[in-house]
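Descriptive structure summary
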Amino acid sequence: MSIKDFFKKTLIGTAICYTAVTSLFSLIIMILYSGVENGAGLDAVRIFLFLPFSFLFGIANTLLCRERPDPIIRWFLHFLLTVTGAFTCILLPSGVTGSGRFTGLLLIIVIYAVSAVIIGITCSRLKKAMKKDRELRSDPSGKKRN
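Structure report, in brief. (Residues numbered from 1 in each chain as written. Predicted model: local features only at pLDDT ≥ 70, side-chain atom pairs only at ≥ 80, totals over all residues. Heavy atoms only, no water.)

With respect to unusual backbone geometry
The omega angle of the peptide bond from Arg68 to Pro69 is -5 degrees, so this bond is cis rather than trans. For Pro69, the location among the structural elements is in the loop between α2 (44-65) and α3 (71-91). (Helix = DSSP H or I, 4+ residues; strand = E, 2+ residues; numbered from the N terminus.)

Put into structure tokens, the structure is as follows:
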């Protein structure tokens, strides 16, 4: 993968992630604070900080999809970039201090772990189903069946 392709894939992932995170955050704020006078306003700085988080997440996803380095290293880098980005760009600017930051970090790690397990199981099942489908479509001589 060339550097151009790497950044193209990263920027596309960044745009998708930024749109999803901003929309989800806006929806949560609207649901929680719509009944409070002036409560549903969105903080422009926090929304802007979703962009560097999305960029780090885009880089993490692009690295995860590469063939090298080993999968364990790719998953570790993905975890590190995602959790670091979420902590510095989402949790720290929220104004939470002390044990709230620690609890927030643990929550980020738990959300990451649950998401990774769900995505890992789903991808594994899809790969197995696709492999089985390919095997059923071809006979031992390599010719496809109708």
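Details of the nonpolar core
Soluble globular proteins: nonpolar side chains tend toward being buried together. Within the largest apolar cluster, 12 residues are counted, these being Cys17, Val21, Phe25, Ile29, Ile47, Phe50, Phe53, Val83, Ala86, Cys89, Leu91 and Ile108. Put simply, the parts of the chain that give this core at least two residues each are α1 (3-33), α2 and α3. (Core = buried A, V, L, I, M, F, W, Y, C linked by side-chain atoms within 4.5 Å. Buried < 20%, exposed > 50% of the residue type's maximum accessible area, 1.4 Å probe, protein only.)

A closer look at α3
Its 21 residues give α3 an end-to-end C-alpha distance of 28 Å, which sits within 8% of 30 Å, the value for a rise of 1.5 Å per residue. Listing the buried residues of α3 in full gives Arg74, His78, Thr82, Val83, Gly85, Ala86, Cys89 and Leu91. Seen along its axis, α3 keeps its buried residues to an arc of 165 degrees; they face one direction. Close packing links the buried residues of α3 with α2 and α4 (99-137). (Expected span 1.5 Å × (residues − 1). Arc of directions from axis to C-beta. Contact = heavy atoms within 4.5 Å.)

Observations regarding the packing of aromatic side chains
Within this structure, the stated rule accounts for 4 aromatic pairs. The interplanar angle of 75 degrees and the centroid separation of 5.1 Å between the aromatic rings of Phe25 and Phe50 together place this pair among those described as edge-to-face. With Phe25 in helix α1 and Phe50 in helix α2, this pair connects stretches of sequence that are 25 residues apart. Judged on exposure class, the residue Phe25 and its partner Phe50 are both buried. (Phe/Tyr/Trp six-rings, centres within 6.5 Å; stacked < 30°, edge-to-face > 60°.)

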